[in-house]
Amino acid sequence: MNLSDQSPAKAAPGTGKRFLKVGVLVSGNGSNLQSIIDHCEAGSIPAGVACVISNKADAFALERARNHSIPCAVLDHKNFPDRESFDAAMVRILREHSVQLVALAGFNRIVSPVMLEAFPMAILNIHPALLPAFPGNRAQRQAVEHGVKIAGCTVHFVDSGTDSGPIISQAAVPVFGNDTEETLSRRILKEEHKIYPTVIRLYAEGKIRVEGRRVLISQAQEPVDLFLENPPL
Ligand code: GAR
């Protein structure tokens, strides 16, 4: 499936360029949200953050959105009887803002079929591990405890499972002997801030194609000798 066929990105007024409206779902600090906003504002991705929804009223991500005059909403999942009604409320807000792509950025809820059906193959997530290793919570701690030598992050399409949808992009970082969950998280987060905006740009440009579980990127350069070995022996 070529997503450019169904991605309804429109030309930005006066530019003739495709322009994608992104809705970002958050629960916490929002550093990935910040990186997406910064790339949009810098014009390096033909997209804009149309709205931010948080399930936590005290999420710092909301302050980041307000600093950029981005409409934001708080929907506390505890005020809804079930996952479906919570998701239906999110869909209403996302539609009000004409959102075309939904980006989960540190959003700590699993989405239900209500969201998946409203935005088919148009929901992305970033996860701080090289999936399919270490899905679920505290992936960085799982990586440190398991003793892996290489960790990283993944941007993937969201499906009905936990961190299980088709993988679009991954970045790898080394894990050092004295790493803690915190030091590894910081190293991974730096890569998250690079690959998430890049994937959103590729999506907005219609360069992402999905064939079963495999995601293909048009015009991607395949580096021949850029590999990470750790420890370098
Ligand atoms: C990021 O590391 C993101 O990958 C992770 O939460 C952090 C949010 O940081 N997401 C998950 O663990 C989802 N399973 P941020 O709020 O600063 O963007």
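About the cut-offs
Residues numbered from 1 in each chain as written. Predicted model: local features only at pLDDT ≥ 70, side-chain atom pairs only at ≥ 80, totals over all residues. Heavy atoms only, no water. Near = heavy atom within 4 Å. Polar contact = N/O pair within 3.5 Å; in protein donor to acceptor, adjacent residues only side chain to side chain. Areas by Shrake-Rupley, 256 points an atom, 1.4 Å probe, with all protein chains shown as cover. Helix = DSSP H or I, 4+ residues; strand = E, 2+ residues; numbered from the N terminus. Nonpolar A, V, L, I, M, F, W, Y, C, P; charged D, E, K, R; others polar. Core = buried A, V, L, I, M, F, W, Y, C linked by side-chain atoms within 4.5 Å. Buried < 20%, exposed > 50% of the residue type's maximum accessible area, 1.4 Å probe, protein only. Contact = heavy atoms within 4.5 Å. pLDDT = per-residue confidence, 0-100.

K.L.:
Would you mind going over the site of the ligand with me for this structure?
P.N.:
By nearness alone, every residue bordering the ligand is listed as Asn29, Gly30, Ser31, Asn32, Gly106, Ile126, His127, Pro128, Leu189 and Glu192. In the environment of the ligand, an oxygen atom lies 3.5 Å from a nitrogen or oxygen atom belonging to the side chain of Asn29. In the environment of the ligand, an oxygen atom lies 2.9 Å from a nitrogen or oxygen atom belonging to the backbone of Asn32. Calculation on the ligand without its partners gives an accessible area of 450 Å², and the protein chains cover 81% of this total. For the shell around the ligand, the secondary-structure elements that each account for two or more residues are α2 (31-42), β6 (123-127) and α7 (181-204). Residues of the shell around the ligand, tallied by class, amount to 3 nonpolar, 6 polar and 1 charged.

K.L.:
Which parts of the structure should I look at to understand the environment of Pro81?
P.N.:
Relative to the assigned elements, Pro81 resides in the loop between β4 (72-74) and α4 (83-96). Sequence separation between Pro81 and Pro120 is 39 residues, and the spatial gap between their C-alpha atoms is 24 Å.

K.L.:
How should I be thinking about the nonpolar core in this particular structure?
P.N.:
When a protein is soluble and globular, its nonpolar side chains tend to lie buried together. Among the nonpolar cores identified, the biggest contains 68 residues, and Met115, Phe119 and Ile200 are the most heavily contacted of them. A per-element tally of this core places α7 first, with 9 residues. Here Ile200 is in contact with Leu20, Val22, Ile36, Ile45, Ala47, Leu101, Ala103 and Leu124, once residues within four sequence places are set aside.

K.L.:
Honestly, the confidence of the model for the protein in this entry has me stumped. Any pointers?
P.N.:
The pLDDT averaged across the protein works out to 92; a share of 92% of its residues lies at or above 70. Ignoring residues within four places in sequence, the model shows residues 4-8, a span with pLDDT below 50, making 9 contacts including any to other chains.

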